[in-house]
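This is what each chain is made of:
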Amino acid sequence: METTSRVGAQAPDAEGAAQAVPSARRTVDGYLLAPFPWYGLDEAFTGPRWLMQVGTGADGAVEHGSIGHGDEPSVRAEGTFGTGDKERFAVVVTVAANPVRRSGDGTGVLEATSVSSAAWLAGVGLLSVTWPGQMDHSLRDDWLDQQTETAWVLADDLDGSDWSTLSLPVDGGPASFHYRESEYGWVLAGSTKEGVHLGAYGRGMSAYGLGFSVVQDITAYEAR
């Protein structure tokens, strides 16, 4: 897959889901450093919106980030191991469409990003807020490692039978997305005309009625 390494992409780890769980969200500062536009759900969505976290490449440049919509997902429900069945949320992941390029210090090469990059980041984002029913704490780390590897394999085969095609509006026009569902929620990924790839994941909110658009003022999200 043409993407940054799984370490460079800063996927959530087994213990913390630190970058996908809204309680770990950061200020708008990192988003303002991105040389690309951020995407969220379009104006048809009227619910809460909140910043999550940006991710950087090996050269320190902002390469991707997430914006949440709806309920703030949690791995645990009121002190118990919950599945979040009552949560309704959708998270939009924006990934810069970067070609293969030299690192900032000139000592190495940074791999390209692609739609597969967005699909994988969305896949691990969904896993980070998922706790299979009644799974023991000691087993979830192993489960998350296994599922993260599976998400990587699936993202590397977007033309495979695990994915279907879904057309959704982006900036007012139709765009094609790769889409898949699981018992934990849904994941989709595609590209835009603005030079970025989009990934999204959610639960309790149907992907079929969603639309995406450029966030006009990311600073408005800081106080959410």
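Criteria and thresholds
- Residues numbered from 1 in each chain as written.
- Predicted model: local features only at pLDDT ≥ 70, side-chain atom pairs only at ≥ 80, totals over all residues.
- Heavy atoms only, no water.
- Helix = DSSP H or I, 4+ residues; strand = E, 2+ residues; numbered from the N terminus.
- Phe/Tyr/Trp six-rings, centres within 6.5 Å; stacked < 30°, edge-to-face > 60°.
- Buried < 20%, exposed > 50% of the residue type's maximum accessible area, 1.4 Å probe, protein only.
- Core = buried A, V, L, I, M, F, W, Y, C linked by side-chain atoms within 4.5 Å.
- Contact = heavy atoms within 4.5 Å.
- Expected span 1.5 Å × (residues − 1).
- Polar contact = N/O pair within 3.5 Å; in protein donor to acceptor, adjacent residues only side chain to side chain.
- Pairing = 2+ DSSP bridges.

Remarks on unusual backbone geometry
Excluding glycine, residues mostly have negative phi values, and the peptide bonds linking residues are mostly trans.
Then, in step 1: For Asp171, which is not glycine, the phi dihedral falls at a positive 55 degrees.
Then, in step 2: Inspection of the secondary structure assignment puts Asp171 in the loop between β7 (164-170) and β8 (173-182).

Remarks on the packing of aromatic side chains
To describe a pair of aromatic rings, you give the distance between the ring centres and the angle between the ring planes.
Then, in step 1: This structure, assessed with the given rule, holds 6 aromatic pairs.
Then, in step 2: Centroid distance Phe89 to Tyr201: 6.4 Å. Interplanar angle 80 degrees. Geometry classified as edge-to-face. In this pair, Phe89 is assigned in strand β4 (residues 89-96) and Tyr201 in strand β10 (residues 196-203), connecting sequence segments 112 residues apart. Here Phe89 and Tyr201 have matching classes, each one buried.
Then, in step 3: With a centroid separation of 5.5 Å and an interplanar angle of 45 degrees, the aromatic rings of Phe177 and Phe212 are classed as tilted. Of this pair, Phe177 sits in strand β8 while Phe212 is found in strand β11 (residues 212-214), placing the two residues 35 residues apart along the sequence.
Then, in step 4: On the basis of relative accessibility, which here comes to 1%, the residue Phe212 falls in the buried class.
Then, in step 5: Ring pairing ties together the aromatic residues Tyr31, Phe36 and Trp38, which thus form one cluster.

So, the nonpolar core
Then, in step 1: Grouped together as the largest cluster of nonpolar side chains are 61 residues, with contacts concentrated most on Tyr31, Trp38, Leu188, Tyr201, Phe212 and Ile218.
Then, in step 2: The element that contributes the greatest number of residues to this core is helix α2 (residues 115-128), accounting for 9 residues.
Then, in step 3: If we ignore the near neighbours within four places in the chain, the residues touching Trp38 are Tyr31, Val54, Val62, His64, Gly65, Ile67, Thr94, Ser213, Val214, Val215 and Ile218.

What to know about α2
Then, in step 1: For α2, which comprises 14 residues, the first-to-last C-alpha distance of 20 Å matches the rise-based estimate of 20 Å (1.5 Å per residue) to within 8%.
Then, in step 2: Across the 14 residues of α2, 14 count as buried, placing the element largely inside the fold.
Then, in step 3: Put simply, Ser114 is the residue that caps the front of α2, since its side-chain oxygen is 3.2 Å from the backbone nitrogen of Ser116.

Some words on helix α3 (residues 137-155)
Then, in step 1: Taking 1.5 Å of rise per residue, the 19 residues of α3 would be expected to cover 27 Å, and the 27 Å separating its terminal C-alpha atoms lies within 8% of that figure.
Then, in step 2: Packed against the buried residues of α3 are α2 and β8.

Topic: the pairing of β10
Then, in step 1: Counting buried positions over the 8 residues of β10 gives 8, a clear majority of the element.
Then, in step 2: Alternating positions in β10 separate into two faces, Val196, Leu198, Ala200 and Gly202 on one and His197, Gly199, Tyr201 and Arg203 on the other, with burial throughout.
Then, in step 3: Note: β4 against β10, 8 bridges, orientation antiparallel. Bridge pairing in β10 places Val95 opposite His197.
Then, in step 4: Taken together, the 6 bridges between strand β9 (residues 185-191) and β10 define a ladder with antiparallel strand orientation. Note that in β10 the partner of Gly190 across the bridge is Leu198.

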